[in-house]
Each structure stands twice: as C-alpha cells, then as structure tokens.
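Geometric and topological summary
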Amino acid sequence: MTTTLVSHHMPSPVGQLTIVASDDGLRAVLWPNERDGRVTFAEQVESGSHTVIEATVEQLTEYLEGKRQDFDLPLDLVGTDFQKDVWEGLARIPFGETQSYGELANELNKPGAARAVGAATGRNPISIVVPCHRLVGSSGKLTGFAGGIDAKRWLLTHEAGEASLF
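Residues numbered from 1 in each chain as written. Predicted model: local features only at pLDDT ≥ 70, side-chain atom pairs only at ≥ 80, totals over all residues. Heavy atoms only, no water.

Another point: the environment of A105. Along the chain, the position of A105 falls in helix α3 (residues 101–107). Linking A105 and V86, residues 19 residues apart in sequence, is a C-alpha distance of 8.1 Å. Setting aside its immediate chain neighbours within four residues, A105 contacts K110, P111, A113, A114 and V117. (Helix = DSSP H or I, 4+ residues; strand = E, 2+ residues; numbered from the N terminus. Contact = heavy atoms within 4.5 Å.)

Here is the structure:
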C-alpha cells in the first residue's frame, strides 16, 4: 500500500511555506525556493486538507504572531538514524536560544562531528517546527540555512521579541 502525502501552502513573513503531512504526522515545512534534492519524497504528494496540516497552520500562525514558543505536533521524521538524532537535538534547543554545530555534536556524543551535524541539519525537512534556525557557527555567526540567511535572521530576531509580523 502506497502512502499519499498531502500538502498545503501557507503565507508567512519569511515567504510561502509548503506544509506536507502523512497520516503519521508532519513530514515537512518547506521554503519557497527549496534547493532541488534537499528534501525528497518517495510518496506521491497531493494538495489537500489534513488534520495534521490544519494543526500545523494553527501552531505556525501562533508562533509567527508571538503567541507560541513550542510546537505540539506529531512528526513523521524520515531520514537516517544520525539525521533523526540531530533533528531531535535541534528540537531540544530552547526558544530564543542558539547553539553551535559543535555544541550539538558534543551533546550527541559525537565530538568532532560538527560538519556532519551541519550536513544533517541542512536536510532537516521540518523547518521552524524542528528549529534548525537556532543552530549557529562557533563564533555565533549565522551560517547556511535552507530558507536563506535573511529568513534565519528574521526567525531569531522574532524569537528575541524584536521582529514585527509584517
């Protein structure tokens, strides 16, 4: 039996987001100008409505309006075990805080694996909800981000209470 994924487009201050869900949970929150191959789906993706999408739109809207700091959504993470470990580590970075790639590698008991953490982070399919924007370089510098550095800066500024919705 083949699973069909459902997608929905959502406008936001950081561009139109594409939300993708399966019956098991949220599969992706994608950026307007996704790099080919960054996130791929083995299943067919159809536009439509889904309870997970509805909950994601509601919670993302609350987050973007400054009314939510944590997400409570079922996730359908698809990746290698290492990628899933990294993504789960990203989810533990508190709202409004940042962590370096090396710090996350150490937390995962993979000292010296900062580049591997960076590669796994670059494949994070569930942007914002799994907050890869909270990961920065060792000097605190904003580094690569699938949504672009401007979107990363906006999200971090938003979490610091310094960005406006529009």
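This model, assessed by the stated rule, comprises eight salt bridges. Across the pair R68 and E62 runs a salt bridge whose closest N-O atoms are separated by 2.8 Å. Taking the relative accessible area as the measure of exposure, R68 reaches 21% and is therefore partly exposed. (Salt bridge = Lys/Arg side-chain N within 4 Å of Asp/Glu carboxyl O. Buried < 20%, exposed > 50% of the residue type's maximum accessible area, 1.4 Å probe, protein only.)

For the rest of this paragraph, the subject is the layout of surface pockets. Taken as a whole, the largest pocket encloses approximately 210 Å³ of empty space. The leading source of residues in the lining of the largest pocket is helix α4 (residues 114–122), at three residues. Split by residue class, the lining of the largest pocket holds five nonpolar, six polar and three charged. (1 Å grid on protein atoms, 1.4 Å probe; cavity = no way out; pocket = protein on both sides within 12 Å on 5 of 7 lines; lining within 4 Å. Points joined across faces, edges and corners; volume = space filled by probe spheres on them. Nonpolar A, V, L, I, M, F, W, Y, C, P; charged D, E, K, R; others polar.)

Within the largest apolar cluster, 39 residues are counted, with the highest numbers of intra-cluster contacts made by L60, L90 and I128. Secondary-structure elements contributing two or more residues to this core are β1 (4–10), β2 (17–22), β3 (25–30), α1 (51–64), α2 (81–91), α3, α4 and α5 (149–159). No other element matches the five residues that α1 contributes to this core. If near-sequence neighbours (up to four positions away) are discounted, L90 is found in contact with L104, T121, N124, V130, P131, C132 and L135. Counting five residues, the second largest nonpolar core, distinct from the first, contains L5, V20, L30 and V39. (Core = buried A, V, L, I, M, F, W, Y, C linked by side-chain atoms within 4.5 Å.)

By the definition in use, this model includes three aromatic pairs. With a centroid separation of 6.2 Å and 85 degrees between ring planes, the pair formed by Y63 and F95 is classed as edge-to-face. Note that Y63 is positioned in helix α1 and F95 in the loop between α2 and β5 (99–100), a separation of 32 residues in sequence. Here the two residues Y63 and F95 agree in accessibility, since each one is buried. Of the aromatic side chains, those joined through ring pairs into one cluster are Y63, F71 and F95. (Phe/Tyr/Trp six-rings, centres within 6.5 Å; stacked < 30°, edge-to-face > 60°.)

This brings us to the side chain of T121. Inspection of the secondary structure puts T121 in helix α4. Using a relative accessible area of 7% as the deciding quantity, one classes T121 as buried. Of the polar contacts made by the side chain of T121, one reaches the backbone oxygen of V117; its length is 2.7 Å. In this structure T121 touches V86, W87, L90, C132 and L135, once residues within four positions along its chain are discounted. (Polar contact = N/O pair within 3.5 Å; in protein donor to acceptor, adjacent residues only side chain to side chain.)

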